[in-house]
Amino acid sequence: MGRTVLVSLAVLIGGCTNLDENLYSELEKDSFYNSRLEVLQASLRPFTHMQAWLAPTGQTGYFYHAELSADQLAWPQKGRHGYDGGDHFRQHYHTWTDNENPTRTAWILMWTGVGYINSAIADLSEVDYVALDISEEEMAAIVAELHVLRAFHYMKIMELWGNVPISTEVAEEPTNLPTQPREEVFEFIRTELETYVPQLLPYSEELVGRVSASAGYAMLAELYLNAEYFVGTPMWDECIAACDKIINGEAGGLGGTPKLAPDLTTTFSNTNQHATESLFQFAFSRQGGFVFDWGAHLMGYSNISEALDVGYSGNNAMVVIPTAFDAYAENDHRKSEWFLFGPQYKYGTDEPILGTEEWNERPFIYVNSIRRESEGDVTSEGSMAEGEENSGARFNKYKSGRVSDPNYRENHYIMYRLTEIYFNKAEAIMRRNGGTATQEAVDLINACRERAFAPEDWPEARYTTATLTLDELLAERGREFIFEGKRRTDIIRFGKFTNGTWWDHEPTNDPNREIYPIPYTQIAINPNLEQNPGY
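Because the structure is a prediction, the values reported are computed rather than measured.

Draft legend 1. Main features of the overall build of the chain. Assigned secondary structure in the chain consists of 19 helices and eight strands. Relative to the globule expectation of 24 Å for 535 residues, the C-alpha radius of gyration of the chain, 23 Å, shows essentially globular dimensions. Among the 535 residues that make up the chain, the fraction classed as buried is 60%. Of the contacts formed within the chain by residues at least 6 apart in sequence, a portion of 71% connects residues at least 24 apart. Here the chain has roughly 19900 Å² of accessible surface; of this, 48% comes from carbon and sulfur atoms.

As structure tokens, then:
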């Protein structure tokens, strides 16, 4: 009983140290687990850690790789800012090596999460839950949450690195686990999800910020949707069945049964704690001292804070790739609701905001280009090395509210929402049908897309079985889920990751680029790790 709670990290395949975490390293098990609250705290610790690598909150984790290697977001150099050793260039051009700081950070953060979960599962197996007035059903659900959360970690780890070790136990000393083929990792994830998701409790207000049945079935739907890419075995029927569990309300939902939001803003607003479209979310709260800080990677410099009347700003990092912004029709309301674009004015006035770098003391205008327009270049394609402070449309999908808003920065981060389930089911139906849309698939996508158009524009904007091709589905998926950390996996599944062209990115035609190299530092620590092909 001497092992400490939540911090036995031998499973992290070495090197997973120097993390900025408030670890409970002085809390012994025999002085913990004395109440239902403490059991829940232990089970939730891995969940709170997950935001460090999954949400766009400033760390170069999963979100960084899922978006910057794909065809919608980039982090260009902007004058004297943003080169950062070429890290973001290599993501954009698919020229990364096995010595990338962002990739090493992602590896450490994600495997740390696995370590937390393994430790919690081991600890809870020894808890006398009856003495703590925890029912057998509730305890089973708590343990199931941890198993499902671990499977989710492995699914994302597998997406990035393919062939990785499988660790399910806490080692008393460092253990050099061997690499397992992606097929073995996939089967482990599938077995864990199929075993434990049915034991999860239905989603409800009480389970916001925890792993519920709706989250579990959303994970299964994602796994099945990508099964053909992951292991070469289509699982379209299984994907449809998992989606139906959610759509039919069998997995619960906020308000009983999940419902599509009636508009484009409710799900991302600062009152989205109760969003009926949400299936799985991080419960961030400024008032609770745990802010969803999307600013660092997704907001411009402090001068833009005046445009939204907010107290935060960012590093002027990620921008929208011009070809991605062009993918929206001018009458698509998502283009005006989800982006900052064009001239920027101080909130509620017609007083222009002024630039501070290339456009110093001149009106600040976000433009759909990444080139040196301040120096007279208004025609070239531009490149990652030629950005300026105002290059590219910017993020405005989540709305924090003004500083004076009583719900200012109370936004939760949505990891799965019902719209994604509609899209997943529609795609599975089409792929099962040889790539051709059925009316059911069209109806699912139209139900989501209709929110983006005025009634008078809808007759022309709606899809039919003739216009909803697989290529159009991918394009619409991009328009709908921009900024949500989904794009890399989507374009890999559609076969457009290594042979696609966007803006100034040219195809590598190298299938090995579909997975990242294991960081060389980890292989140096654990010689049983086998490097991925092509690196």
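Draft legend 2. Seen up close, helix H6 (residues 182-196). Between its terminal C-alpha atoms H6 stretches 21 Å, which fits the 21 Å expected from 15 residues at 1.5 Å a residue. Along H6, the positions that sit buried rather than exposed are Arg182, Val185, Phe186, Phe188, Ile189, Glu192, Leu193 and Tyr196. End-on view of H6: buried residues confined to an arc of 160 degrees, all on one side of the axis. Packed against the buried residues of H6 are helix H5 (136-161), helix H7 (213-225) and helix H8 (227-231).

Draft legend 3. Expanded view of unusual backbone geometry. If you check the backbone angles, Asp309 has positive phi at about 55 degrees while not being a glycine. One can find Asp309 in the loop between helix H11 (305-308) and strand E3 (319-320). The phi dihedral of Trp503 falls on the positive side, at around 45 degrees, and the residue is not glycine. With respect to the helices and strands, the residue Trp503 is situated in the loop between helix H18 (487-493) and helix H19 (520-525). Overall, Trp503 belongs to the buried group, its relative accessible area being 7%.

Draft legend 4. Spatial organisation of the environment of Met235. Mapped onto the elements of the fold, Met235 is located in the loop between H8 and helix H9 (236-247). Taking relative accessible area as the criterion, Met235 reaches 3% and is therefore assigned buried. Sequence spacing of Met235 and Ser278 is 43 residues, and the spatial spacing of their C-alpha atoms is 25 Å. Setting aside residues no more than four positions away along its own chain, Met235 makes contact with Phe186, Arg190, Tyr224 and Ala227.

Draft legend 5. Seen up close, the packing of aromatic side chains. Applying the stated rule across the entire model yields 39 aromatic pairs. Consider the rings of Tyr64 and Trp75, whose centres lie 6.3 Å apart with planes at 65 degrees: the pair is edge-to-face. Separated by eleven residues along the polypeptide, Tyr64 in helix H2 (residues 62-68) and Trp75 in the loop between strand E1 (73-74) and helix H3 (87-93) bring together distant segments of the chain. One exposure class covers both Tyr64 and Trp75, and it is buried. Its guanidinium or amino end placed over the ring of Phe497, Arg488 lies 5.5 Å from that ring's centre, counting from NZ or CZ.

Draft legend 6. Main features of the nonpolar core. Ranked by size, the top nonpolar core spans 152 residues in total, and within it Met50, Trp161, Ile189 and Met219 carry the most contacts. Residue contributions to this core peak at 14 residues, all from H5. When residues no more than four places from it in sequence are discounted, the contact partners of Met50 are Ala55, Leu149, Phe152, His153, Phe280, Phe282 and Met415.

Draft legend 7. Layout of the packing of H7 against helix H14 (residues 418-432). The interhelical angle for the contact between H7 and H14, taken along N-to-C directions, is 30 degrees, at an axis separation of 11 Å. The chirality of how H7 crosses H14 is left-handed. Contacts between H7 and H14 involve Ala218, Ala221, Glu222 and Leu225 on the former and, on the latter, Ile421, Asn424, Glu427 and Ala428. In the contact of H7 with H14, the residues fall into five nonpolar, one polar and two charged.

Draft legend 8. Seen up close, the side chain of Lys425. Relative to the assigned elements, Lys425 resides in helix H14. Dropping the residues within four chain positions of it, Lys425 is found in contact with Ile240, Cys243, Asp244, Ile247, Glu440 and Leu444.

Definitions and cut-offs
Residues numbered from 1 in each chain as written. Predicted model: local features only at pLDDT ≥ 70, side-chain atom pairs only at ≥ 80, totals over all residues. Heavy atoms only, no water. Helix = DSSP H or I, 4+ residues; strand = E, 2+ residues; numbered from the N terminus. Rg over C-alpha atoms; globule rule 2.2 N^0.38 Å. Buried < 20%, exposed > 50% of the residue type's maximum accessible area, 1.4 Å probe, protein only. Contact = heavy atoms within 4.5 Å. Areas by Shrake-Rupley, 256 points an atom, 1.4 Å probe, with all protein chains shown as cover. Expected span 1.5 Å × (residues − 1). Arc of directions from axis to C-beta. Phe/Tyr/Trp six-rings, centres within 6.5 Å; stacked < 30°, edge-to-face > 60°. Lys NZ or Arg CZ within 6 Å of the ring centre and 35° of its normal. Core = buried A, V, L, I, M, F, W, Y, C linked by side-chain atoms within 4.5 Å. Axes fitted to C-alpha atoms, helices over the stretch in contact; angles between N-to-C directions. Left-handed = near helix turned anticlockwise from the far one by under 90°. Nonpolar A, V, L, I, M, F, W, Y, C, P; charged D, E, K, R; others polar.

The values reported here are purely geometric and, on their own, carry no functional implication.
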